[in-house]
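Each chain, letter by letter, is given below.
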Amino acid sequence: MSHELTTNTIWVLTCTSLVFLMQAGFCCLESGLSRSKNSINVATKNIVDFFIGVFIFWLFGFGLMFGQSYGGWIGTTQFAFEDSSNAHWPTVVFLFQLVFCSTAMTISSGAVAERMRFRAYLLLAVGIGAFAYPLFGHWAWAHDSARNPAGWLGKLGFLDFAGSSVVHSVGAWAALAAVLILGPRTGRFTGDSNEQRFSSSNLPMAALGFLILWFGWFGFNGGSTLALNGQVPSIILNTILAGISGGICALLWELIASKQISVEKVFNGSLAGLVAITASCNAVNYPSAICIGFIAGVVMLASLSLLENRFKIDDVVGAIPVHGFAGVWGTLAVALFADTSLFQTGVSRTTQLGIQALGAGVCFVWSFGSIWLFMMLVKCFMPLRVTASDEKIGLNVAEHGASTELHSLLETMIAHEKGDNQSRADVDNFTEAGIVGYQYNRVLDAQEILLSDVKDREVRYRSIMDNVMDAIITINLEGKIEEFNRGAEYLFGYYNHEAIGKSIDLLIPPLHQKIQHEYSSGELNPQLVRAIGSRQEIVAQRNDGSTFPAELAVSSVLLADREIFTGIIQDISERKDYERSLNEARKRAEAASEAKSEFLANMSHEIRTPMTAILGFTDILLRNLNNQEDIESANIVKRNGEYLIGVINDILDLSKIEARKVELEQVRVNTIEVIRDIVALMQIKADLKGLELVVSFENPIPETIVTDPTRLRQILINLLGNAIKFTETGYVELRTRTINREDSFAQLQFDVIDTGIGISKEALAQIYQPFTQADNSTTRKYGGTGLGLAISKRLVEMLGGQIQVTSSTGSGSTFTISVNTGSLKEVPLLHLDQGSIKSAVTGSSQGISESVCKTIAASRVLVVEDGLDNQRLISFLLKKEGMQVDLADNGQLGYEKIMAALQSGEPYNFVLMDMQMPVMDGYTATSKLREEGYTGPIIALTAHAMKNDMDKCLKAGCDAYATKPVDKRKLLETIARLAPPAGPTDLTSLVANSDS
C-alpha cells in the first residue's frame, strides 16, 4: 500500500468516525429538545435506525446507490457488499457512505418525535434507507469506472459535494411526509392563531448534541474529498464560517424581534448554515461561505414561521426547516457562488442554477412522494400514531415501559389528586426528581398539619357560631340561605333545617319583599347591598309574623367559584326605645332652653324699656341741676341704671353662649380703630378713678385683621373694666403685640396689666366660673356678678385664641388673650405709640359730633312708641338736635301717619319704630310699609338685645337697629348714617318710589 493511499485511508476512516459521532449529536440534540417523558423513546429511535441503516445499506442500499447504473436510474451490482482487494479502499469508501445513510435516516427521528409509534418509525427508517436515499443518491452521485457521472442528474451536471440535498433534504422531505400523516402533537395548536409551545426537557444536553454535530461536520464535509489533499483546510474553514454566520443571523433576529432569546432557534440557525454550505464547501471562497450561512439562517427562520403559523406543521426539533429548506438553498447556492470551472461542459451560472433547481425539485418530489405513499400503505395495516392516553403519559412509559424518577413523582402526585394521601414520593438527594420529591413530601406533611389545623378551626368556628347570641346568616348571590346559627334560630324562631336553602325573603316583611321583587332575580336585596362594609338598620320578620328593628352588618367573601355574603343581625328594639326616650329628653331640654332664652329676652325687654326713660331723663336732669347734692343723687341713679343694664347684657351673653347661639362675624377691621374705640371708652372710667391708662405696642402691628370686632371689643372692655375697677392707685396698661407671624398662623396678643389688689393662687382656679368671684368680699366692696371673665374666656376661645392670667395678692394682675388675625399676606405692618392712639381718639370724637349735628338738623322724624315716658325722652333728645318730631302710639297709627305724609308730598325723613307695641307691632307695620312700596329709612327701636332679634328686625324691612336704653350718641350716628343727601331730590325720589 502506497503512502498516499495509507494517508487517505486514515483520513477517510477518521472522518467516518466523526460522521458516526454525529449520531450521538443527533441523539443528544433531539432528546434534549423533546419533553422528558419522551426522551428515552427519541434516544432509542436514534440507536435503532442506525442498526437498520447499516444492515440495509450493506445488504442492497450501497448497490442501489453505487452499483453499475442501469440507464442512470438504479444501481445493479455490489449487493451484500464485500471487498476482495488487498488495500481494501472500497471498504473505506463503503464505511464512509454507510454513516451518510445513517445520517439521512436519523434526521426524521426528531421531526416525528413524541407521537409516532416505535414500530411505525422502524418502517419509516426502512423506507428511507431502502429506496428513498439510495436511489436519489444514485441519480446524483453514481460514477462509472472512469469516475464519470453515471446517474441521470449527475450527467446533467447536478452538483452536491457533500449532500445538502442527497443526505439532508432527503431525510427532511421524508420527515415532512410522515409529519403530515401523523398530524401535530395534542395541544400543540389550539386554534387558528394560537400555538402552545412545549418546553424542552434538557437544553444543556441539546447544546452538547449541537456541539457534537459541529465536530462531526468537519468529517462530513472534509471527508467527502475521499483524500487528504489541499482542499481539506479550506473546506473545514468554509464549514466553520457558514455555521457561525447562520447562528449569528438567528441570534440577531431574536435580539431584535423578541424579548427572550430562543436557544433552539440559535442552534437551528447555525445548523442551517452547516447544511447549506455542505453542497459547495469545496468550491466557494470564505466571504461566499459567510453569505451562504447567513442566508441559510434567514431561510430557516422564514420556513419555520411558515410551517408553524400558516400550515400548523408540528416539527419537534425543526428538522424540516434546517435540513430541508436550508438544504435547498445550499443546493441552489452552488450555481450562485461556486467556481464556474467546476461546472460540467462549462455552462453558465444561469444554466447551472436551473440544473440545481431541477435536482432540488426532484429530491423533494421523490423523497416526499415515495415516503408518503409508503407510509400511507403502512397505515392500512397498522396505526402510525400512539393513542391520546399514551401520548399524555409519554412514550417512555407507553412504548418502552421505562419509568424515571420524574414519572414516579408524577404517579405519586396523581394518586394524591385522587385522594390517596398516605403514599409519599421517592427521595434521592442525588437526582433533581428525588430532591423535588423530598420537597413535595415536606409540602404534603405541611398540608396535613394545615388540614388538621383547619379542622380544629372549623370545630372552633362551629362552636362560636352555635353559641354567639347574635344571628349570623350566610347567603349566596341568589339570596339563598346557606348558614343559620343558633342565635338566628332564637331571634327569628326558625330551626336551622327550616331556613337552610330558603330565600332571604323568609326574614323580610312583605312590604320589603315587594320592593325586592322590583329588582331582577340576579341582584341582591338592596338593603343587604347597602350594608356591605357598614351597618344598616332594617326591619326584620320573625316566624310568627311579628317585625322588629334590627341592625345588619354584611361582609362579602369571594370564593373560587362564587361570592357569598355573611350578615350579623342584632335586635335593637331596646336601643331604639332608649333612643326615643333620649330624643324626647333632648326635645324637653331644648324646649326648656328656648323657654329660658325667651324668658331672658322678655325680662330684658321689660327692664330695658323703663331703663330707657330712667337713664334718658337722668341725663336731662344732670344738665339742668345746680345743687351738688341733687347732682350726686342723679349720678347715683345713672350709675346704678348702667350697672343694671350691664348685668342684663352679661346674663344674655352667657345664655346665648351656653345655647350655642352666638354667631361670630369674620370681617376685616382696622386694628387701630378697634383699639382707639376701646381706649376712648375706658379713658373716661380711668379718669374718674384718677388712674393712668397706658397703651403700648410691641411693634410691628398689622394694619387690619379678620375677626369679630364687636366680640373683641366686648372682651377687652370687660378686662379693662375689671382692671380699672380693682385698681385704686397706679395704672392700667393695654399692651399689644403680634405672635406666630413667621408660622403662617399669626395671632394678635393683648396684655391687660394693672396694679390693683391681685388674685390669690387659690382663687385663680375658679375665676372663670359664672357668678363666681375670687373673693366674696369683693362683691360687697366692688360689686359685680362674676360673669365678665366667664364670658370673655368663652369668646376668646371662639375667636381662636386663649386667655391666661398671672397674679399675686397686692401686686396686681396681668390678663393675656390672643385672637386669630387671619391671613396677613400683603397686610401692612405699622409701628405705633400711645400718643397716636390718644390723638386719634380726641380728634375722632370731636369730628363725629359736628358731622352728626350738621347732617340731621331740620330732619322730620316719626317716633312710633307705645311708652309715654320713652316718647317724651326720645322726642326731647331729637328736638334738642333741631329735628321735627311726630308721635304715634302703635304700629297701626304709625303706618297710617307715614302713608298720609307720603301722599301729601311731605314724607318723614326717618321713622323710629318700636317693635313691641299693642294693636300692631313694629315687625308687622314695617313689613306692611315695605309691601306698599315705602323706601324711607326705618330704624328699629327695641328693648330686645339678642342677635336673632336684630336679624328679625332687618328681615322685616328695617334699615338699622338701636337698642334700649337709648344711647344718644349711637342713635344720632345711626340717623346721620342713613340720612340722604340734602336737597329736593330726596323728596321727589321718595314720592316716586311710593307711587310705583
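Keep in mind the model is a prediction, meaning the values are calculated, not measured.

**Q** Explain the nonpolar core residue by residue, including any values.
**A** In terms of nonpolar packing, the biggest core is built from 110 residues, with Phe-57, Phe-100, Tyr-133 and Trp-141 touching the most fellow members. At 14 residues, helix α4 (residues 118-141) tops the list of elements feeding residues into this core. Contact partners of Phe-100, with chain neighbours within four places excluded, come to Val-19, Tyr-133, Trp-141, Ala-162, Val-167, Phe-220 and Ser-224.

**Q** A description of the sheet that holds strand β21 (residues 960-963) should follow, citing residues and the corresponding values.
**A** Taken in spatial order, the five strands line up as β18-β17-β19-β20-β21 in an open sheet, and their pairing is parallel. The strands lining the two open edges of the sheet, one partner per strand, are β18 (884-888) and β21. Ignoring which end each strand starts from, the neighbouring axes of this sheet average 20° apart. Both strand β19 (residues 910-914) and strand β20 (residues 938-942) contribute to a ladder of four bridges, which runs parallel. When the sheet's bridge partners are listed, Met-913 is paired in β20 with Ala-940. Across the sheet, helix α33 (residues 968-978) lies against β19, β20 and β21, angled at about 170° from β21, the strand it touches most.

**Q** Can you lay out the pairing of strand β3 (residues 471-476) for me, pointing to particular residues and giving the numbers?
**A** The element β3 is extensively covered by neighbouring structure, given that six of its six residues are classed as buried. Of the two faces of β3, the one carrying Ala-471, Ile-473 and Ile-475 and the one carrying Ile-472, Thr-474 and Asn-476 are both buried. Judged from the six bridges that link them, β3 and strand β7 (residues 563-571) form a sheet pairing that is antiparallel. Within β7, the residue paired with Ala-471 across the bridge is Ile-569. Relative to strand β4 (residues 481-484), β3 runs antiparallel, the two being bridged by three bridges.

**Q** So what about the packing of aromatic side chains? Which residues, and what values?
**A** Counting across every chain of the model gives 29 aromatic pairs. Each ring, one from Phe-100 and one from Phe-220, has its centre 4.2 Å from the other, and the planes form 5°; the classification is stacked. Of this pair, Phe-100 sits in helix α3 (residues 89-111) while Phe-220 sits in helix α7 (residues 203-222), and the two are 120 residues apart along the sequence. Both residues of the pair, Phe-100 and Phe-220, belong to the buried class. Summarising the aromatic geometry, the rings of Trp-329 and Phe-337 are spaced 6.3 Å apart at their centres and angled 85° between planes, so their arrangement reads as edge-to-face. What makes Trp-329 buried here is its relative accessible area of 13%. Counting every residue linked through ring pairs, the aromatic cluster contains Trp-73, Phe-131, Phe-136, Trp-139, Trp-152, Phe-158, Trp-366 and Phe-374. Positioned over the ring face of Tyr-908 is Arg-860, at 4.3 Å from the centre of the ring. Across from the ring centre of Tyr-895, 4.5 Å away, lies the NZ or CZ of Lys-928, which sits over that ring.

**Q** Before we move on, can you summarise the side chain of Asp-315 with the specific residues and values?
**A** Note that Asp-315 resides in the loop between α10 (286-310) and α11 (319-337). It is Arg-115 that comes nearest to the buried, bridge-free Asp-315 among opposite-charge side chains, at 6.7 Å. Within the structure, Asp-315 has its side chain in polar contact with the backbone nitrogen of Ala-319 (distance 2.7 Å). Reaching out from Asp-315, the side chain makes a polar contact with the backbone nitrogen of Ile-320 at a distance of 2.6 Å. Apart from the residues lying within four places of it in its own chain, the contact partners of Asp-315 are Gly-110, Ala-111, Ile-320 and Pro-321.

**Q** Just give me the short version of the packing of helix α2 (residues 39-66) against α3, but keep the residues and values in it.
**A** Axis separation between α2 and α3 bottoms out at 8 Å; the angle between their running directions is 135°. Comparing their axes, α3 and α2 come out oblique. Our pair here, α2 against α3, has a crossing hand that is right-handed. For the contact of α2 with α3, the residue count by class is 13 nonpolar, six polar and two charged.

**Q** Tell me about the packing of α4 against helix α6 (residues 164-182), and name the residues and values.
**A** Two numbers describe how α4 lies on α6: the axes approach to 10 Å, and their chain directions differ by 140°. As judged from the angle between their axes, α4 and α6 are oblique. Crossing handedness for the pair α4 and α6: right-handed. Between α4 and α6, the residues in contact are Leu-124, Ile-128, Ala-132, Tyr-133, Phe-136, Gly-137, Ala-140 and Trp-141 and Ser-165, Val-166, Val-167, Val-170, Ala-174 and Ala-178, respectively. When the residues that make up the contact of α4 with α6 are grouped by side-chain class, the tally is twelve nonpolar, two polar and no charged.

**Q** I'd like to hear about helix α9 (residues 263-277), residue by residue, with values.
**A** Residue pairs three or four apart in sequence face the same way in an α-helix, which turns once every 3.6 residues. For α9, which comprises 15 residues, the first-to-last C-alpha distance of 22 Å matches the rise-based estimate of 21 Å (1.5 Å per residue) to within 8%. Counting buried positions along α9 yields eleven of 15 residues, so the element is predominantly enclosed. When we look at burial in α9, the residues that qualify are Phe-267, Asn-268, Gly-269, Ser-270, Leu-271, Ala-272, Gly-273, Leu-274, Val-275, Ala-276 and Ile-277. Residues of α9 that are buried make contact with α1 (3-33), α6, α7, α8 (231-257), α10 and α11.

**Q** Tell me about the pattern of salt bridges, and please be specific about residues and values.
**A** Pairing is possible between side chains of opposite charge, provided their charged atoms come close. In this structure the tally under the stated criterion is 23 salt bridges. A salt bridge links Arg-185 to Glu-114; the shortest N-O distance between them is 2.9 Å. You can see Arg-185 sitting in the loop between α6 and α7 and its partner Glu-114 sitting in the loop between α3 and α4, a full 71 residues away along the chain. Residue Arg-185 shares its accessibility class with Glu-114, and that shared class is buried. Where Asp-677 meets Arg-713, a salt bridge forms, and the shortest distance between an N and an O atom there is 3.2 Å. Of this pair, Asp-677 sits in helix α23 (residues 671-689) while Arg-713 sits in helix α24 (residues 709-725), and the two are 36 residues apart along the sequence. Assessed through its relative accessible area of 30%, Asp-677 is described here as partly exposed. Members of the salt-bridge network, linked through shared partners, are Arg-35, Glu-114, Arg-185, Arg-188, Glu-308 and Asp-314.

About the criteria used
- Residues numbered from 1 in each chain as written.
- Predicted model: local features only at pLDDT ≥ 70, side-chain atom pairs only at ≥ 80, totals over all residues.
- Heavy atoms only, no water.
- Core = buried A, V, L, I, M, F, W, Y, C linked by side-chain atoms within 4.5 Å.
- Buried < 20%, exposed > 50% of the residue type's maximum accessible area, 1.4 Å probe, protein only.
- Helix = DSSP H or I, 4+ residues; strand = E, 2+ residues; numbered from the N terminus.
- Contact = heavy atoms within 4.5 Å.
- Pairing = 2+ DSSP bridges.
- Axes fitted to C-alpha atoms, helices over the stretch in contact; angles between N-to-C directions.
- Phe/Tyr/Trp six-rings, centres within 6.5 Å; stacked < 30°, edge-to-face > 60°.
- Lys NZ or Arg CZ within 6 Å of the ring centre and 35° of its normal.
- Lys, Arg positive; Asp, Glu negative; His and termini not counted.
- Salt bridge = Lys/Arg side-chain N within 4 Å of Asp/Glu carboxyl O.
- Polar contact = N/O pair within 3.5 Å; in protein donor to acceptor, adjacent residues only side chain to side chain.
- Parallel < 35°, antiparallel > 145°, perpendicular 65-115°, else oblique.
- Left-handed = near helix turned anticlockwise from the far one by under 90°.
- Nonpolar A, V, L, I, M, F, W, Y, C, P; charged D, E, K, R; others polar.
- Expected span 1.5 Å × (residues − 1).

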